[in-house]
Each structure stands twice: as structure tokens, then as C-alpha cells.
Amino acid sequence: MMSPSVENGYSTDVLLRVSDLKKHFPIERGFLRRVVGHVQAVDGVTFSIRRGETLGLVGESGSGKTTVGRCVIRAIEPTSGKVEFQNEDGQLVDLIGLEKSSLRHLRRSASMIFQDPYASLDPRWTVKDIVAEPLRLSSMASGKQLDEEVVRLLKTVGLEPKHMLRYPHSFSGGQRQRIGIARALSTRPRLIVADEPVSALDVSIQAQILNLLQDLKVQFGLSYLFIAHDLSVVEFIAERVAVMYVGRIVEMAQTRSLFTQPRHPYTEALLAAVPKPDPDLRGKRVSLSGEIANPAAPPPGCHFHPRCRYAQAICKREVPGWEEIAPDHFVACHFARELTLQGVPRSGDAPARD
Ligand SMILES: Nc1ncnc2c1ncn2[C@@H]1O[C@H](COP(=O)(O)OP(=O)(O)O)[C@@H](O)[C@H]1O
Ligand SMILES: [Mg+2]
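Residues numbered from 1 in each chain as written. Chains lettered and ligands numbered in written order. Predicted model: local features only at pLDDT ≥ 70, side-chain atom pairs only at ≥ 80, totals over all residues. Heavy atoms only, no water.

### Notes on the site of ligand 1
Point 1. The environment of ligand 1 is formed by F25, V39, A41, E60, S61, G62, S63, G64, K65, T66, T67 and P295.
Point 2. Between ligand 1 and the protein, one listed contact pairs an oxygen atom with a backbone N or O atom of G62 at 2.6 Å.
Point 3. Here an oxygen atom of ligand 1 sits 2.8 Å away from a polar atom, N or O, in the side chain of T66.
Point 4. Considered on its own, ligand 1 offers 560 Å² of accessible surface; in the complex 64% of this is hidden by protein.
Point 5. Contributions of two or more residues to the shell around ligand 1 are made by β4 (34-50) and α1 (65-72).
Point 6. For the shell around ligand 1, the leading source of residues is α1, giving three residues.
Point 7. A breakdown of the residues in the shell around ligand 1 according to their chemical character gives four nonpolar, six polar and two charged. (Near = heavy atom within 4 Å. Polar contact = N/O pair within 3.5 Å; in protein donor to acceptor, adjacent residues only side chain to side chain. Areas by Shrake-Rupley, 256 points an atom, 1.4 Å probe, with all protein chains shown as cover. Helix = DSSP H or I, 4+ residues; strand = E, 2+ residues; numbered from the N terminus. Nonpolar A, V, L, I, M, F, W, Y, C, P; charged D, E, K, R; others polar.)

### A look at the packing of aromatic side chains
Point 1. Taken as a whole, this structure holds four aromatic pairs when the rule is applied.
Point 2. Seen from their ring centres, Y245 and F304 are 5.2 Å apart, and the 85° between their planes marks the pair as edge-to-face. In this pair, Y245 sits in strand β11 (residues 240-245) while F304 sits in the loop between α9 (265-272) and α10 (313-317), placing the two residues 59 residues apart along the sequence.
Point 3. Residue Y245 is classed as buried on the basis of its relative accessible area of 2%.
Point 4. One aromatic cluster in this structure is built from Y245, Y266 and F304. (Phe/Tyr/Trp six-rings, centres within 6.5 Å; stacked < 30°, edge-to-face > 60°. Buried < 20%, exposed > 50% of the residue type's maximum accessible area, 1.4 Å probe, protein only.)

### Observations regarding the nonpolar core
Point 1. By size, the foremost hydrophobic cluster in this structure holds 59 residues, and its most contacted members are I181, F226 and L231.
Point 2. For this core, the domains that each give at least three residues are domain 1 (14-109 + 189-346) and domain 2 (123-186).
Point 3. Every residue in contact with F226, bar those within four places of it in the chain, is listed here: T54, L55, G56, L57, A194, P197, L210, L213, V233, V234 and I237.
Point 4. Core analysis: the next-biggest nonpolar cluster, separate from the first, contains 31 residues, V45, F47, L57 and A110 among them. (Core = buried A, V, L, I, M, F, W, Y, C linked by side-chain atoms within 4.5 Å. Domains from an automatic or database assignment. Contact = heavy atoms within 4.5 Å.)

### A word on the domain arrangement of the protein chain
Point 1. Entries for the protein chain in the domain assignment read domain 1 (14-109 + 189-346) and domain 2 (123-186).
Point 2. Taken over C-alpha atoms, the centre of domain 1 sits 30 Å from the centre of domain 2.
Point 3. At the junction of the two partners, domain 1 supplies 14 residues and domain 2 supplies twelve residues.
Point 4. Between domain 1 and domain 2, the buried area comes to about 1,000 Å², and carbon and sulfur atoms account for 75% of it.
Point 5. Three residues, R108, I209 and L212, lead the burial of domain 1 against domain 2; their summed loss comes to 37% of the area buried on that side.
Point 6. Our count for the contact surface shared by domain 1 and domain 2 stands at one residue pair in polar contact (both at pLDDT 80 or more).
Point 7. Here the side of domain 1 that touches domain 2 gets eight residues from one element, more than from any other, and that element is helix α6 (residues 203-220). (Buried area = accessible area lost by both parts, 1.4 Å probe.)

Laid out in C-alpha cells, this is it:
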């Protein structure tokens, strides 16, 4: 057997491949619940995640990130497209249309951590029950073995096993998120969809949870689809970043290249919100005006054109193609080759000159 090749420090071996994924939610009206339209929450999204890799998925609230995550763990059925997962033989298998038994098996390979540790844990359940439930449901452990597994998981996430008979309300926000992480780890997944896992936490706690996720990644060889609404959170955790706007990915690149040389005006605007160490750069940047477009009636052409300071006539008419503008740097913008957009210098980078 060939060993997986290693590129840029991580394996190129693909764990998850999502191709042209769409999820359209029907909008129903009136007594007869007539379908009057569709929310195009996800409208043709393609990306892959390699083993051991973290892909950041970033965009404003309403851009479709959670819906992508839920389709990946198959909590909801996609409208169309493929979600392929590497099985034990190293083959990519389309989860859509799989039989129940194989689906259940592959489903265990991916789990999700939710944004709000207050809402995502059932207040009537003890920590032990919360962490043990996925193991029980999948018949992976029972009795004494189940107890031992819960103890191991709690220790892994930095919680004291003696607290396992307590209820979620007696824990702090950060500890509750640790409970959610222990639960997500219980079935020994290979991929974790982390849906804004630190957005609801105090800034002082955010770094602890990010460090924990980073340690677990190394310890268990995990891959993450790491969802965030703000680029600063993914900067240090993701090897690559995909930027999503109204159901579509508009730019995807290695993190450093996306931050220092954004090629899509939406990415440039999101970067303007990232805190800057250099006071000279503050206040000189473009900011994002207007509201995110309605995914039930998105603007024609490039969805971003009504908010784009560089938009031209073609942007209102034609959907821009997806092109590889530099190695491993993809963008969908009619003017990606002409524009010089402003990035964020990383520490250690030479200051940009005007
Ligand atoms: N179950 C649903 N039914 C109808 N619309 C939905 C449903 N879930 C999400 N949406 C809509 O899909 C769009 C994308 O939502 P979501 O995936 O939650 O975005 P994000 O996570 O980026 O904030 C939003 O307009 C949202 O209102
Ligand atoms: Mg969301």
C-alpha cells in the first residue's frame, strides 16, 4: 500500500469531500402550507478536508455555515450534492443513499460541537448521561465499561470525574463547553464540526477552549471543520480557510495567504474587522456596509455586488467562475486579477509599504 503523501506539513489524504452541496429550505405560507419559495441556505458548496487538517469556515451570520455543518454530520438531508467520507479502507464513500447500518457507522466518524453550551446540553441530565448518550445509542459501551469511558473522556477535556453526577447548571460556560466536547469525542470521531465553539464564551475563556481543541487534534489525529463568524478566531487554529457568503464559498486558501493577500472584496472587508496590532493601520481600512443579502431572494450575478465597493456592471449579471488564482488559492470574483486588496500583516511579516 502507498503511504499518504505529506505536503506543507499535513497529509494530503482526503477525509471528507463535499461536492456541489445544496440545501434549500421550503418557505410555506397560509393554511394549506403552500410552498411559496425557497431559502437557498447552501447553494453549491465544494471543499475537502484532509486527515489532521483544520478548515475554517467563515462568514457573517446567515451565510449558511451551520447548515453546511449539519449536512456534513447528516443531521439534515442535503437537497443535492455529495458528502463523501473516507471509510476504513481509505475509500471515499457517498453518505447519501447509504444503507442505515453503514450510515450509522460512518456517522460516528463525525460529530459536532455547538455554539451555545447553555442551550445544547439538556439541563435535566447529569454530565455522565450527557457524555454517555452517544456511546449508549451506538451500543459502543455499557455498564462498567461505559462508566470508565466517561471518566476517561472527562479527564481528557480537563474536567474532574467526581463531578459526573452533577447537572449542567452547576458549571461555568467554559466547563459546559468542555462537557460538549467530551460528548463529541465519545464515539471516537475522526472529524469534528465545531460550530462557533467559543462565540458564546468570555474572551478570557476562549483561548483555553481553543487550546484544548488544538491539543485534542494532536492527541487523536482529529480533523476539524471550524466554523466562525469572525476571521480572528480561525487565524491560529486553521490551516486553510473558506469564506462563505449567502450560500456560496467565495474564497478559499491557506490561512496565511488569505490573511496577507485576500483576493475577494468580501474577505477584505471581513479582515478589516480583525483587531490590528499596528495603530497606523487602524481606521484606514474598508468596512463592511449594509446587510447580508436575503438567501430566499439573493441578488443576481455575484451575490456580494450590492455591498461591493469595486462592483461593475458584469457583477450584477454574471456569476463569477471559481478559479485557482495562485497555488491552493481559489476565488470567485470577476476582478480578482485586477484588484489589489488589503490584507492583514501577520506578526513577523515586513510592514506593507504604500
Ligand atoms: N430549518 C430551517 N428552515 C428554514 N430556513 C433555515 C433553516 N435553517 C437555516 N435557515 C436559513 O438558512 C440561512 C442560513 O442559516 P445558517 O446555516 O444558520 O447560517 P449561519 O450558520 O452562517 O449563520 C438563514 O437565512 C437561515 O434563516
Ligand atoms: Mg450558525
